[in-house]
Amino acid sequence: MVEQLTRAKIAQQADIREAPRVIAPTDRTFELPTGLYVATVALFLGFIGTMAIGFRNPEMILPVAIFALFVVAGFGVPAIWTQLAPTTPSRAKTWSRFQQDGIMTAYGRTTARDATVQVLILPVLIFAWGLACVTIAALV
């Protein structure tokens, strides 16, 4: 009924072969042009700068510096990650190539205009919110 298999029995019957080691090329470009990445970072840092200037207080120097450090680290680590070994032939798309091809998403191909709106909508809204908060605080 049940036979206990030991390693020795398995080794006698097994046909063990060394599989060829294949390293697939990795694409770490996120399929977006560098300009969108830079614009996102600039909008987040612009929000922090707007809030720092609008609500200027000596006690806020350290928190603002920490927030800015988090943004730089949060976007800097992936930027460094794209350059790590193994080196790949893939490069970030140029703006013209991005406009021509668009980007593939989970829901299908998206045009460059739609992808740009999707990428930049939250940073733009956050920056606008910061401007509105500073404006309201200045008027009240």
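Refer to the preceding data block for the structure.
**Student:** Looking at this model, I keep getting lost on the pattern of salt bridges. Mind explaining?
**Tutor:** When charged atoms on two side chains of opposite charge get close, those side chains can pair. One pass over the full model with this rule turns up 4 salt bridges. The partner of E3 in a salt bridge is K9, with the nearest N and O atoms 3.6 Å apart. The exposure class of K9 is partly exposed, given its relative accessible area of 37%. Among the ionic pairs, R17 bridges to D15, the shortest N-O distance being 3.1 Å. Each member of the pair, R17 together with D15, is exposed.

**Student:** Whenever I open this one, the side chain of T40 confuses me. Can you help?
**Tutor:** Looking at the element boundaries, T40 is found in helix α2 (residues 34-54). Contacts of T40, omitting those with residues within four sequence positions, involve F75, V119, L120 and P123.

**Student:** Would you explain the packing of α2 against helix α3 (residues 61-81) in this entry?
**Tutor:** The packing of two helices is summarised by the inter-axis angle and the distance between the axes. Viewed as axis vectors pointing N to C, α2 and α3 meet at an angle of 175°, and their least axial separation amounts to 10 Å. With respect to α3, the axis of α2 lies roughly antiparallel. Facing α2, whose interface residues are Y37, T40, V41, F44, L45, I48 and A52, α3 presents V64, F67, A68, V71, V72, F75, G76, P78 and A79. A breakdown of the residues in the contact of α2 with α3 according to their chemical character gives 14 nonpolar, 2 polar and no charged.

**Student:** What should I look at first to understand the nonpolar core in this one?
**Tutor:** In summary, soluble globular proteins display a tendency toward joint burial of nonpolar side chains. Core analysis: the biggest nonpolar cluster contains 7 residues, these being L36, L43, F98, I103, A112, A115 and L120. Ranked by residues supplied to this core, first place goes to helix α5 (residues 112-139) with 3 residues. What L43 contacts, discounting residues up to four positions off in sequence, is L120, P123, V124 and F127.

**Student:** Explain the packing of aromatic side chains here, please?
**Tutor:** What describes a pair of aromatic rings is the distance from one ring centre to the other and the angle between the planes of the rings. Following the criterion strictly, the structure yields 4 aromatic pairs and no others. Seen in terms of ring centroids, F47 and W129 are 5.7 Å apart; in terms of plane orientation they differ by 15°. Their pairing is stacked. Separated by 82 residues along the polypeptide, F47 in helix α2 and W129 in helix α5 bring together distant segments of the chain. The exposure class assigned to W129 is exposed, which follows from its relative accessible area of 53%.

Here is what the cut-offs are and how they apply
- Residues numbered from 1 in each chain as written.
- Predicted model: local features only at pLDDT ≥ 70, side-chain atom pairs only at ≥ 80, totals over all residues.
- Heavy atoms only, no water.
- Salt bridge = Lys/Arg side-chain N within 4 Å of Asp/Glu carboxyl O.
- Buried < 20%, exposed > 50% of the residue type's maximum accessible area, 1.4 Å probe, protein only.
- Helix = DSSP H or I, 4+ residues; strand = E, 2+ residues; numbered from the N terminus.
- Contact = heavy atoms within 4.5 Å.
- Axes fitted to C-alpha atoms, helices over the stretch in contact; angles between N-to-C directions.
- Parallel < 35°, antiparallel > 145°, perpendicular 65-115°, else oblique.
- Nonpolar A, V, L, I, M, F, W, Y, C, P; charged D, E, K, R; others polar.
- Core = buried A, V, L, I, M, F, W, Y, C linked by side-chain atoms within 4.5 Å.
- Phe/Tyr/Trp six-rings, centres within 6.5 Å; stacked < 30°, edge-to-face > 60°.

Geometric values such as these leave the question of function open.
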